[in-house]
Structures are given as C-alpha cells and as structure tokens.
Amino acid sequence: MLQRIQTIYLFLAALVSAGLIFVFSLWENSAGETVYAEDRILVLSLFLVSALISFITIFLFKNRKLQFVLGRLNIILNLILLGLFVYWSLNISGESQISEKGIGMLIPIISIVFLVLANKAIKKDEDLVKSVDRLR
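Participant: Sorry, what's going on with the overall build of the protein here?
Facilitator: In terms of helices and strands, the protein carries 4 helices and 5 strands. Counting helices and strands in the order they occur from the N terminus, the protein gives α-β-β-α-α-β-β-β-α. By residue count, 38% of the 136 residues in the protein fall in the buried class. Sequence separation of 24 or more characterises 72% of the internal contacts of the protein that already satisfy a separation of 6 or more.

Participant: Even after reading the chapter, I still don't get the pattern of salt bridges, so can you show me in this structure?
Facilitator: Here the idea is simple: oppositely charged side chains can pair when their charged atoms come close. Inspection of the entire model under this criterion finds 3 salt bridges. A salt bridge links Arg-4 to Asp-125; the shortest N-O distance between them is 3.0 Å. With Arg-4 in the segment before helix 1 (5–19) and Asp-125 in helix 4 (residues 107–135), this pair connects stretches of sequence that are 121 residues apart. The class for Arg-4 is buried, based on a relative accessible area of 9%. For Arg-64, the salt bridge identified is with Glu-126, shortest N-O distance 2.8 Å. Here Arg-64, found in helix 3 (residues 64–90), pairs with Glu-126, found in helix 4; they are 62 residues apart in sequence, far enough to count as distant.

Participant: When you look at the nonpolar core in this model, what are you seeing that I'm missing?
Facilitator: Nonpolar side chains tend to gather and get buried jointly when the protein is soluble and globular. Formed by 27 residues in total, the largest nonpolar core has its most connected members in Trp-27, Val-43, Phe-47 and Phe-85. Mapped by element, the contributors of at least two residues to this core are helix 1, helix 2 (41–58), helix 3 and helix 4.

Participant: For this particular structure, what's the right way to read the side chain of Thr-57?
Facilitator: Here Thr-57 is to be found in helix 2. For Thr-57, a relative accessible area of 1% puts it in the buried group. Within the local environment of Thr-57, its side chain forms a polar contact with the backbone oxygen of Ile-53, the two atoms lying 2.5 Å apart.

Participant: Quick question: what am I supposed to make of the packing of aromatic side chains here?
Facilitator: Two measures describe an aromatic ring pair: the distance that separates the ring centres and the angle between the ring planes. Throughout the structure, instances matching the rule amount to 2 aromatic pairs. Between Phe-47 and Phe-85, the ring centres sit 6.1 Å apart and the planes meet at 40 degrees, which makes this aromatic pair tilted. One end of the pair, Phe-47, is in helix 2; the other, Phe-85, is in helix 3, with 38 residues separating them in the sequence. No difference in accessibility class separates Phe-47 from Phe-85, as the two residues are buried. Between Phe-55 and Phe-59, the aromatic rings sit 5.4 Å apart at their centres with planes inclined by 75 degrees, giving edge-to-face as the arrangement. For Phe-55, a relative accessible area of 41% translates into the label partly exposed. On the basis of relative accessible area, Phe-59 is assigned to the partly exposed category, the value being 47%.

Participant: Help me understand the packing of helix 2 against helix 3 in this model?
Facilitator: Two elements in contact, helix 2 and helix 3, have axes separated by 10 Å at closest approach and are oriented at 160 degrees. Regarding the angle of helix 2 to helix 3, the classification is roughly antiparallel. Here helix 2 and helix 3 pass one another in a crossing that is left-handed. Facing Leu-42, Val-43, Leu-46, Phe-47, Val-49, Ser-50, Ile-53, Ser-54, Thr-57 and Ile-58 of helix 2, the residues of helix 3 in contact are Gln-67, Leu-70, Leu-73, Asn-74, Leu-77, Asn-78, Leu-81, Leu-84, Phe-85 and Trp-88. Taken together, the residues of the contact of helix 2 with helix 3 sort by class into 14 nonpolar, 6 polar and no charged.

Participant: Sorry if this is basic, but what is going on with helix 1 here?
Facilitator: Since there are 3.6 residues in each turn of an α-helix, residues three or four apart along the chain are aligned in direction. Between the first and last C-alpha of helix 1 there are 21 Å, a value that for 15 residues agrees with the 21 Å anticipated at 1.5 Å per step. Among all positions in helix 1, only Gln-6, Thr-7, Leu-10, Ala-13, Ala-14, Val-16 and Ser-17 are buried.

The rules behind these values
- Residues numbered from 1 in each chain as written.
- Predicted model: local features only at pLDDT ≥ 70, side-chain atom pairs only at ≥ 80, totals over all residues.
- Heavy atoms only, no water.
- Helix = DSSP H or I, 4+ residues; strand = E, 2+ residues; numbered from the N terminus.
- Buried < 20%, exposed > 50% of the residue type's maximum accessible area, 1.4 Å probe, protein only.
- Contact = heavy atoms within 4.5 Å.
- Salt bridge = Lys/Arg side-chain N within 4 Å of Asp/Glu carboxyl O.
- Core = buried A, V, L, I, M, F, W, Y, C linked by side-chain atoms within 4.5 Å.
- Polar contact = N/O pair within 3.5 Å; in protein donor to acceptor, adjacent residues only side chain to side chain.
- Phe/Tyr/Trp six-rings, centres within 6.5 Å; stacked < 30°, edge-to-face > 60°.
- Axes fitted to C-alpha atoms, helices over the stretch in contact; angles between N-to-C directions.
- Parallel < 35°, antiparallel > 145°, perpendicular 65-115°, else oblique.
- Left-handed = near helix turned anticlockwise from the far one by under 90°.
- Nonpolar A, V, L, I, M, F, W, Y, C, P; charged D, E, K, R; others polar.
- Expected span 1.5 Å × (residues − 1).

Following this line, the structure appears as structure tokens:
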C-alpha cells in the first residue's frame, strides 16, 4: 500500500527535512558569515531525526495507528525546531547574533504542512477501515 497519498506527503516531508537544509541558509550572523544547518550540530541532528522518522513512517502502512502517532511526534519535533529558531532570532543580548534571517528557518513550517496533510490522509484511511468493519 505504498501508493497512498500519505506516502507522497511523508516522502516530501523527509525530502524537505533532509535535502533543503543543505541548500538554504538559516541566517547570516553579524560578521556577515552565512550559517547553514550543518554548522549547528543540534539543528542538523533535529532535521535528520525528523527526516528519518518521516522515512520510517512510510513503511509502517500496515499499522496506521502507529503511523499516525509517529506523524504527530514528528510534528512536535518540527515545532521544537521552529521554536528554537524563533528563540535564536529574537534573543538579543547586547549584540545581535542573527543579523539577517534566511529562508532555511521556514523549512520546519513546510515540513509541518506535509506532515499534517499526511496525518489527515492516515486518519481518513483509518476511518474508512472502521466504517467497513462496522458493516460486517
């Protein structure tokens, strides 16, 4: 059952979390240096864990409840990552560390959108199976 729509959404979420972090910068610091996700080990590990969870969730199509729970866990992980970005960008203690924000800070939002769409499709499949079981 890999041909379901949630497989595409989960694959896109994994691709966004693992691929785009190397293309787009997160921010530019006050010295004019561009900071990417691989420069911050915490950010890189959170992005890669998110991509790994999305990729593993694709192959759990026989257990829709676990697939749904892992999707929610991945959404929470991306919200933590987004909160970390907001904290770093708004933390102004004397000299600002982040002078110009990059498009890479929006990657968790894009991933969250794909994960929400996947969870919605998983829930729809689960409801369909439950309605068919009721008819028997």
